[in-house]
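Fold and geometry: a report
Listed here are the chains, written in short residue letters.
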Number of protein chains: 2
Amino acid sequence: MKPIKNIDILRVKGEEIIEEDDIIIIEYPFTIFVDDKELITLLCSPSSLEELTIGFLHSEGFIEEYSDIKKIHIDKDNGIAYVNLKTRSHLREKLQGKRTITSGCGKGTLFYNVLDSFKSKKIEKPIDIKIEEIKSLVREFNHKSELFLNTGGVHSCALCTKFDIIIFEEDIGRHNALDKILGKALKDNLDLSDKIVLTSGRISSEMLIKVAKRGIPVIVSRSAPTSLSVELARELNITVVGFARGEKMNIYSNFPSYYL
Amino acid sequence: MKPIKNIDILRVKGEEIIEEDDIIIIEYPFTIFVDDKELITLLCSPSSLEELTIGFLHSEGFIEEYSDIKKIHIDKDNGIAYVNLKTRSHLREKLQGKRTITSGCGKGTLFYNVLDSFKSKKIEKPIDIKIEEIKSLVREFNHKSELFLNTGGVHSCALCTKFDIIIFEEDIGRHNALDKILGKALKDNLDLSDKIVLTSGRISSEMLIKVAKRGIPVIVSRSAPTSLSVELARELNITVVGFARGEKMNIYSNFPSYYL
């Protein structure tokens, strides 16, 4: 099974804007239960889920060998793994004592409960931004990012008005880069309801949720969005733009008529 | 401050092998304490750490506005943020009740304690692999990955002998792709001490730790390694190869003479 699905988008090429069918990467929330306790929700591609579960439990020290697993059942329709272990391992005891949180979203009972809490965060007042303005912001963003291109691997993120970049940050992690600009915006008490986020990295559901929580109406990436982020964005009236490079971009959600 | 530092590498270009100075992305473990409780260790770039702390706490619902923070102190030398909050927020109470684990490494008291536990995992018997064999594996890997290139954003990962790919997986997350191949290897009870991991994604410390835990002696990426992964790899005698593309590659650690 290919980890992709079809979706309708607006494809922009220079002056041309075409409504098209495109493919998008599936982002699949997959929750692992160990001995009836919810452990984590991974956001993954929906293949080899049993191997993923085994590998994750081993990586995190919940099992030391395959035979430590008594039973494993994958409920693919609902994105759940039910695992029973033979014994409570030493490592596992140790882990249970501490708590940390994911950079992700695996904190609700199930991922979709987390999503539900955003239903109220719909963007009511879309901002009146034109495609040419997005292109101009992307040019400025690329110019700033290029200063660091020689390292090959740092993500850039920017907060912008329709006309200018006002905060620019970089980080090895795209989530950290976004948290840095959002942290600065919070400290400076900026109104985010008319701002735009630019990122060099993929727009995953985690990125989209960070933006949605702040009521930011537009997120633009040089890279691809995932299926889950587009679904969420469509619910919340957030405009998601991907593959924004030079004169091209794809608009995945919330196509206001004034774009056109 | 640029999020990079200098490092000596072996640069391979066709038949040529040159020892060179290169730059590498810094991966900086940064631990956030909230009201004297350790919350998480982020792996980030060492800039705008106060903004990152504020943004992270806001993203995760620990604060609702900036004024919820009574005090924030960044100890940059030790990579620690000490935060005191004004009140225990409702959201925070809720979060404290649950536990999930990061896909990352923030489980020790401090990140370096986690690293310490790997010191015993040194590779004792390096495998006798030649540069030409790595190039050949990379070609096979690229060929397999290309089948899915049209989606732009799925990571590939493979487990190999010196001569062939034996497990190949893809996932939206590079950690998941690696856990999938390691899960399959565990289930199939494979000896990993003479195997090689190929990945399309960056080699972060988290990726390196997953490999080190299994005693795998070589990891090869199309992309960059981070500073922390190279430091760890040098301690553990793991060979890290980055930017492996066509006839080129950079060797960052554990340069056995038979490579040359």
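Everything below is about the structure printed above this text.
Each value, and the rule that gives it
- Residues numbered from 1 in each chain as written.
- Chains lettered and ligands numbered in written order.
- Predicted model: local features only at pLDDT ≥ 70, side-chain atom pairs only at ≥ 80, totals over all residues.
- Heavy atoms only, no water.
- Helix = DSSP H or I, 4+ residues; strand = E, 2+ residues; numbered from the N terminus.
- Buried < 20%, exposed > 50% of the residue type's maximum accessible area, 1.4 Å probe, protein only.
- Contact = heavy atoms within 4.5 Å.
- Areas by Shrake-Rupley, 256 points an atom, 1.4 Å probe, with all protein chains shown as cover.
- Phe/Tyr/Trp six-rings, centres within 6.5 Å; stacked < 30°, edge-to-face > 60°.
- Axes fitted to C-alpha atoms, helices over the stretch in contact; angles between N-to-C directions.
- Parallel < 35°, antiparallel > 145°, perpendicular 65-115°, else oblique.
- Nonpolar A, V, L, I, M, F, W, Y, C, P; charged D, E, K, R; others polar.
- Pairing = 2+ DSSP bridges.

Moving on: the overall build of chain A. Of regular secondary structure, chain A possesses seven helices and twelve strands. Here chain A holds 260 residues, and 60% of them are scored as buried. Summarising the internal contacts of chain A: among those between residues at least 6 apart in sequence, 50% fall at separations of at least 24. If you sum the accessible surface of chain A, you get close to 10500 Å²; carbon and sulfur atoms cover 49% of it.

Moving on: the packing of aromatic side chains. All names here are of chain A. For the coordinates displayed, the defined rule picks out six aromatic pairs over all chains. For the pair Tyr-28 and Phe-30, a centre-to-centre distance of 6.3 Å together with 25 degrees between the ring planes defines the contact as stacked. On the accessibility criterion, Tyr-28 (14% relative accessible area) is buried. In this structure Phe-30 comes out as buried when scored by relative accessible area, which is 0%. With centroids separated by 5.7 Å and ring planes inclined at 25 degrees, the aromatic side chains of Phe-33 and Tyr-82 adopt a geometry described as stacked. Residue Phe-33 is located in strand β3 (residues 28-34), and its partner Tyr-82 is located in strand β6 (residues 80-85); the two are separated by 49 residues in the primary sequence.

For Phe-243 of chain A, which is not glycine, the phi dihedral falls at a positive 50 degrees. The topology assignment puts Phe-243 of chain A in strand β11 (residues 239-245). Phi at Ser-48 of chain B takes a positive value of approximately 45 degrees, unusual for a residue other than glycine. Checked against the element boundaries, Ser-48 of chain B lands in the loop between β4 (37-44) and α1 (49-59). On the accessibility criterion, Ser-48 of chain B (24% relative accessible area) is partly exposed.

Between helix α5 (residues 174-187) of chain A and α1 of chain B, whose axes approach to 6 Å, the crossing angle comes to 90 degrees. One finds that α5 of chain A runs roughly perpendicular with respect to α1 of chain B. Residues Asn-176, Asp-179, Lys-180, Leu-182, Gly-183, Lys-184, Leu-186 and Lys-187 of chain A of α5 of chain A pack against Glu-50, Glu-51, Leu-52, Ile-54, Gly-55, Phe-56, His-58 and Ser-59 of chain B of α1 of chain B. Here the residues of the contact of α5 of chain A with α1 of chain B sort into five nonpolar, five polar and six charged.

Next up on the list: the sheet that holds strand β2 (residues 16-25) of chain A. All names here are of chain A. The sheet built from eight strands is open, its strands ordered β2-β1-β12-β11-β10-β9-β7-β8 with mixed pairing. At either margin of the open sheet sits one strand with a lone partner, and together these are β2 and β8 (165-171). With direction set aside, neighbouring strand axes in the sheet form an average angle of 25 degrees. Direction of pairing for β11 relative to strand β12 (residues 248-251): antiparallel, over a ladder of three bridges. Within β12, the position partnered with Arg-245 by the bridge is Lys-248.

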